[in-house]
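Given next are the chains, with one letter for each unit.
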Amino acid sequence: MKFFIDTANLAQIKEAQALGVVDGVTTNPSLMAKEGITGKDNILKHYVAICNIVDGDVSAEVIATDFEGMVREGEALADLHPQIVVKLPMIADGIKACKYFTDKGIRVNMTLVFSAGQALLAAKAGATYVSPFIGRLDDISTDGLNLISEIRLIYDNYEYETEILAASVRHTMHIIDCAKLGADVMTGPLSAIMGLLKHPLTDIGLAQFLSDYKKGN
Ligand code: E4P
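The following refers to the structure shown. Here the structure is a predicted model, which is why all the values come from computation and not from measurement.

A few words now on the overall build of the protein chain. Scanning the protein chain from terminus to terminus reveals 11 helices and 8 strands. A principal-axis box enclosing the C-alpha atoms of the protein chain has dimensions of 70 × 40 × 30 Å. Here the analysis covers contacts within the protein chain between residues at least 6 apart in sequence; of these, 57% occur between residues at least 24 apart. In the structure as shown, the protein chain presents an accessible area of about 10900 Å², 56% of it carried by carbon and sulfur atoms.

Structure representation (structure tokens):
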């Protein structure tokens, strides 16, 4: 499973990249605003800065909600850097734009996906990634992980190549569960990734090894 980090924070992206297990970055307008990155030019520069830190795919989201606007913005985003994947909302014009970009060889991540039907449409339109938001489904008492299973089944039935990018991952167990269910990618905060490291027996065992070494030296 590929690991993407879901942030626009350059320090965290650098830390994740240095760990050596991060395959890409996802951002969205809220994550940009959280870092105080505002204004079209600053946002575009920030995407380039992110691409210069990581080796993998960087999802950059359009703001337009109409086909022509999405095409205009998406083409500008794709021109920024070869690592950019154009992120489009799961609405009718988003699907049209997905087909348009896919036909041109520009990769697309369909975002704000909350149902198996939406994921089926994304695959039909040739999306590179589909982003089911599992945490936001959990937030409204709906099993987000179940959506990952449904999409996995559908995509496997028809051998769709669209990759399931489990998004809105909020904690470490989400990552483990997504891996069990066969998500191709997960995107989450650095804290959730770092949580995979933790085990008290590792810390206890290491302390014991070091103390025993000191006794003999
Ligand atoms: C995905 O691409 C989104 O940026 C993100 O995962 C949303 O997560 P949230 O529901 O925690 O805001």
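From this point, things continue past the structure.
The subject of this paragraph is the nonpolar core. Grouped together as the largest cluster of nonpolar side chains are 59 residues, with contacts concentrated most on Leu88, Met110 and Tyr155. Excluding anything up to four places from it in sequence, Met110 contacts Leu88, Pro89, Met90, Gly94, Ile95, Cys98, Ala122, Ala127, Tyr129, Val130 and Ser131.

This part takes up a nonpolar patch on the surface. Nonpolar side chains collect at one region of the surface, where Met173, Ile176 and Leu196 lie side by side and expose about 230 Å² of accessible area between them. For Leu196, a relative accessible area of 33% gives the class partly exposed.

The next point concerns the site of the ligand. Every residue lining the ligand is accounted for by Asp6, Thr26, Asn28, Leu31, Lys87, Phe133, Arg136, Ala167, Ser168 and Arg170. With respect to the ligand, the side chain of Lys87 contributes an N or O atom lying 2.7 Å from an oxygen atom. In the complex, 86% of the free accessible area of the ligand, which totals 340 Å², lies under the protein chains.

Rules used in this analysis
- Residues numbered from 1 in each chain as written.
- Predicted model: local features only at pLDDT ≥ 70, side-chain atom pairs only at ≥ 80, totals over all residues.
- Heavy atoms only, no water.
- Helix = DSSP H or I, 4+ residues; strand = E, 2+ residues; numbered from the N terminus.
- Contact = heavy atoms within 4.5 Å.
- Areas by Shrake-Rupley, 256 points an atom, 1.4 Å probe, with all protein chains shown as cover.
- Core = buried A, V, L, I, M, F, W, Y, C linked by side-chain atoms within 4.5 Å.
- Buried < 20%, exposed > 50% of the residue type's maximum accessible area, 1.4 Å probe, protein only.
- Patch = residues over 30% accessible without salt bridge, like charges linked within 9 Å, V, L, I, M, F, W, Y side chains within 5 Å.
- Salt bridge = Lys/Arg side-chain N within 4 Å of Asp/Glu carboxyl O.
- Near = heavy atom within 4 Å.
- Polar contact = N/O pair within 3.5 Å; in protein donor to acceptor, adjacent residues only side chain to side chain.

Purely geometric numbers; function is a separate question.
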